[in-house]
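Now for the letters of each chain:
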Amino acid sequence: MAQKTSSRIDEGTLTKGQLRKLNALRKSVGDDIGGRAFAEWITSQSSDDAAEKTDKNAELIKDTLWPLVERGSIRIPRGGYVVKRGRGRIVVEPVK
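Residues numbered from 1 in each chain as written. Predicted model: local features only at pLDDT ≥ 70, side-chain atom pairs only at ≥ 80, totals over all residues. Heavy atoms only, no water.

Can you explain helix H1 (residues 16–29)? Please cite residues and give values.
Taking 1.5 Å of rise per residue, 14 residues should cover 20 Å, and H1 covers 20 Å from first to last C-alpha, within 8% of that figure. Downstream of H1 by one or two residues, Gly30 has phi in the positive range, about 105°. (Helix = DSSP H or I, 4+ residues; strand = E, 2+ residues; numbered from the N terminus. Expected span 1.5 Å × (residues − 1).)

Can you tell me about the environment of Val95, naming the residues and giving the values?
Mapping Val95 onto the fold places it in the segment after strand E2 (90–94). Of the residues examined, Val95 reaches a relative accessible area of 44% and is grouped as partly exposed. Remark: the alpha-carbon pair of Val95 and Pro77, spanning 18 residues in sequence, is separated by 9.9 Å. (Buried < 20%, exposed > 50% of the residue type's maximum accessible area, 1.4 Å probe, protein only.)

Give me helix H3 (residues 56–71): which residues, what numbers.
The end-to-end C-alpha distance of H3, which contains 16 residues, comes to 24 Å, matching closely the 22 Å that a straight helix rising 1.5 Å per residue would cover. The N-cap of H3, judged by a side-chain oxygen 3.3 Å from the amide nitrogen of Asn57 a few residues on, is Asp55. (Polar contact = N/O pair within 3.5 Å; in protein donor to acceptor, adjacent residues only side chain to side chain.)

Describe the pairing of E2, listing the residues and the values that go with them.
E2 sits mainly on the outside: zero of its five residues count as buried. Of the strand pairs in this sheet, strand E1 (residues 81–85) and E2 are connected by five bridges, and their pairing is antiparallel. Opposite Val82, over in E2, you have Glu93 as the bridge partner. Hairpin connection between E1 and E2: a loop of four residues separates the two successive antiparallel strands, and Gly88 in this loop has a positive phi of roughly 75°. (Pairing = 2+ DSSP bridges.)

This is how it looks when you write it as structure tokens:
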């Protein structure tokens, strides 16, 4: 009898999409190989997620406005503002 590997995946911490992928892999290639393939895939995804978390546009806006906030030229209330792009213009509204 073949011995199962001890690589257990905590399914309670996975998202719905990750569970679907895990179950599809287990169905297509079997529990053992599917579990190993999913574990390899999830480790590669975690390194990609760290790179995507920084929004370059948000960083640029923050870097541009922060010196104005420090100088006291501009005050941003606790609720903040919403910045939208309109037809050829930028729309800044208070959060409702």
